[in-house]
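So you can see what is in the structure, the chains are spelled out below.
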Amino acid sequence: MTGFDRMATVATTEFRLAFRNRWVLLATLAFTLFALALAFLGSGPSGALKADALTLTAASLSTLTVYLVPLMALLVSYDSIAGEIERGTLALVLATPLKRGELVLAKFCGHLAVLTLAIAIGYGIAGVVIAGVHGADDAGLLAWGRLVATAVLLGAVFIASGMALSGLPRQTGTAAALAIGAWLVLVVLYDLALLGAVIVDQGGVFTKTVFPALVLANPGDAFRLYNLALIESNAPIAGLDGLAHTLPFPVSSALAVLVLWLAASLAAAWALTRRIRP
Amino acid sequence: MTDANILSVEELTVRFGAVTAVDGVSLTVAPGERVALLGHNGAGKSTLFKTVLGFLKPAAGRLSIGGVIPGSDAARRAVSYLPEQVAFPKALTGAEILTHFARLKGVSPKAALPLLEVVGIADAARRAVGTYSKGMRQRLGLAQALIGAPRLLLLDEPTSGLDPVSRREFYDVLEASSRAGTAVLLSSHSLSEIENRIDRIAILAKGKLRAEGALSDLSRRAGLPIRIRIEAAEGRVEAVHAYLGGERVNGRSVVVTCRAEDKVAALARLAELGSDVADIDIALPDLDDVYRHYSGLTVEGATQ
């Protein structure tokens, strides 16, 4: 039995558990419903160019994704280490030849497979419905595909972060609190704080130099900027998103930020799991 | 290295900061041997187990699993563990959990699944663990520990909370696997929970090993007194007390204590009282008295 076989076993069991716990169903429904609601209720592509519907919805959905995907990702992963300590199964699992690094990586892969499935099905259904109703052009399909792929990357970042946070406490409850805190800080409060600083700064040095870097450093904002910057449309964008077309960095740097976040979170999850005494 | 023991612990000390949880403990377990580790909560049993598993690093002393270091690949393959508190995922079935652990241990699930039969929960193999009773979950835990016929089984308080029938069946399974060569080290907090099917007992208190040996040896070495309670015939209690000495209790009875080897002589003296005696009751020291004696707690009438 190799390390790969052991990791496949752990990942498969995580995947199976997510199905049994109805997590997959819940997440898929959430993604489908929110995407459809945005397409047909929110922006309501009522202009002359109906074929733009997919592109326009991709733009507005990228904003919603920043809230929804991290939440779902943290929901699936916050329990992964602390929960096993609390239930006593971590000691059992670590008494087998499974290494701690293998455990972390395998759980990450299992969770990511589950989240990818939910995003692909949810946004896939919504995309097909929008294209069926309004038609689709190449630009729209490309924007939609980019949205789905980067949403998975964003999800991977937050699954890894959730696992790192799960390696800190010994109780599931504390891990849940940490996950909610992380979501609030990274997804909600971070942007508010930056906007506040920009207003106070009145277009000074901070706004021109530090601000774009700080926006890009946040994984949610990096995801949104990447998607919006690549969408060629005259859809109205406001607030932080105005930066999408005036970013003083190449667009690919947003992807690099996401990959860095992913690598750092996985490393943290591994390091924190290593020091646990089950 | 020609160490016949699957587990050998020498002068092991484990500390958590300023607290010494295990203090200079030496212990060996040979293949096929069943050893019970006894101690109250906080005596150091779980700490010792976790050190054997390689989860905790010793502050001093040596520990070897059949010649290899705890926590190494070879040690992990040799040792199986059942923690005191384990809650398997409720949504999985017993068969799925057994398959999961078989794969982690590199054993084919086909070879592992018959273990559900061995521990007597084959009927529930396809049911979710959430529907299992406590006894069934404990049996599943044991089946998990037996996967791949480990050379050393570490069971942390495996029978606490089991009913007497389940407990006997639990020991039946342990006996079968020890006959096949598996060494068993199990912990308990009370001697009365240990069936008379354990080869050796090691008593741990405050991290130190207080006594070790076969149960019969330990109870003889403890030299605990036998208590004889004599109920006197109507109005004869003074006469009985004057003749035997001892202690008067509740009006009609006298209690005397004697050592095990003096029992027959004491009964002969009693017989001389004839009709003054209405009834006698002999209480031998029980297992928990023996345990309390060694773990340093006071025993009524102990000769110490």
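Structural data are supplied above this passage.
Presented here is a report on the structure given in the accompanying data block.

**Focus: the sheet that holds strand β1 (residues 7-16) of chain B**
Residue and element names in this part refer to chain B.
Piece 1. Taken in spatial order, the three strands make up an open sheet running β2-β1-β4, and their pairing is antiparallel. Among the strands making up the open sheet, the edge pair consists of β2 (19-29) and β4 (60-65). Across the sheet, the axes of successive neighbouring strands diverge by a mean angle of 25°, strand direction being ignored.
Piece 2. The pairing of β1 with β4 spans five bridges and is antiparallel. Across the sheet, the residue bridging to V9 is L63, located in β4.
Piece 3. Strand contacts of helix α1 (residues 45-52): β1, β2 and β4, with the helix running at about 115° to β1, the strand carrying the most contacts.

**Some details on the interface of chain A and chain B**
Piece 1. Between chain A and chain B, the contact holds 24 residues from the first and 27 residues from the second.
Piece 2. Between chain A and chain B the total buried area reaches about 2300 Å² when both faces are included, carbon and sulfur atoms providing 67% of it.
Piece 3. At the junction of chain A and chain B, the tally comes to three salt bridges.
Piece 4. The partner of A:R20 in a salt bridge is B:E96, with the nearest N and O atoms 2.7 Å apart.
Piece 5. The tally of links from chain A across to chain B stands at nine residue pairs in polar contact (both at pLDDT 80 or more).
Piece 6. Per element, the largest residue contribution to the side of chain A that touches chain B is seven residues, and it comes from helix α1 (residues 3-20) of chain A.

**Overview of the environment of B:G67**
Piece 1. Residue position: B:G67 is located in the loop between β4 and α2 (73-78).
Piece 2. Among the residues examined, B:G67 registers a relative accessible area of 45% and is labelled partly exposed.

**A closer look at the packing of helix α3 (residues 53-77) of chain A against helix α7 (residues 138-166) of chain A**
Residues and elements named next belong to chain A.
Piece 1. Contact pair α3 / α7: the axes reach a minimum separation of 8 Å and the direction vectors enclose 20°. Considering their axes alone, α3 and α7 lie roughly parallel with respect to each other. Seen from above, α3 lies across α7 with right-handed handedness.
Piece 2. Counted by class, the contact of α3 with α7 contains 19 nonpolar, nine polar and no charged residues.

**With respect to the nonpolar core**
Piece 1. Formed by 94 residues in total, the largest nonpolar core has its most connected members in B:L155 and B:L185.
Piece 2. Filtering out sequence-adjacent residues up to four positions away, B:L155 remains in contact with B:F49, B:L82, B:L142, B:A145, B:F170, B:L174, B:V184, B:L185, B:L186 and B:S187.
Piece 3. The next biggest cluster of nonpolar side chains, apart from the first, holds 69 residues, and it includes A:A39, A:A151, A:A156 and A:A160.

**Quick look at unusual backbone geometry**
Note: most residues except glycine have negative phi, and most peptide bonds are trans.
Residues and elements named next belong to chain A.
Piece 1. For R22, which is not a glycine, the phi torsion comes out positive at approximately 65°.
Piece 2. Tracing the backbone shows R22 in the loop between α1 and α2 (23-42).
Piece 3. Accessibility expressed as a relative area gives 57% for R22, which makes it exposed.

**Details of the pattern of salt bridges**
Piece 1. The full count for this structure, using the stated rule, is 27 salt bridges over all chains.
Piece 2. Note that A:E84 and A:K107 form a salt bridge whose closest N and O atoms lie 2.9 Å from each other. Remark: A:K107 occurs in helix α6 (residues 100-134) and A:E84 occurs in helix α4 (residues 82-87); sequence separation between them is 23 residues.
Piece 3. You can call A:K107 buried: its relative accessible area is 3%.
Piece 4. Ionic contacts of the salt-bridge type, sharing partners, join the residues B:R34, B:D172, B:E175, B:R179, B:R197 and B:D199 into one network.

The rules behind each value
Residues numbered from 1 in each chain as written. Chains lettered and ligands numbered in written order. Predicted model: local features only at pLDDT ≥ 70, side-chain atom pairs only at ≥ 80, totals over all residues. Heavy atoms only, no water. Pairing = 2+ DSSP bridges. Helix = DSSP H or I, 4+ residues; strand = E, 2+ residues; numbered from the N terminus. Axes fitted to C-alpha atoms, helices over the stretch in contact; angles between N-to-C directions. Contact = heavy atoms within 4.5 Å. Buried area = accessible area lost by both parts, 1.4 Å probe. Salt bridge = Lys/Arg side-chain N within 4 Å of Asp/Glu carboxyl O. Polar contact = N/O pair within 3.5 Å; in protein donor to acceptor, adjacent residues only side chain to side chain. Buried < 20%, exposed > 50% of the residue type's maximum accessible area, 1.4 Å probe, protein only. Parallel < 35°, antiparallel > 145°, perpendicular 65-115°, else oblique. Left-handed = near helix turned anticlockwise from the far one by under 90°. Nonpolar A, V, L, I, M, F, W, Y, C, P; charged D, E, K, R; others polar. Core = buried A, V, L, I, M, F, W, Y, C linked by side-chain atoms within 4.5 Å.

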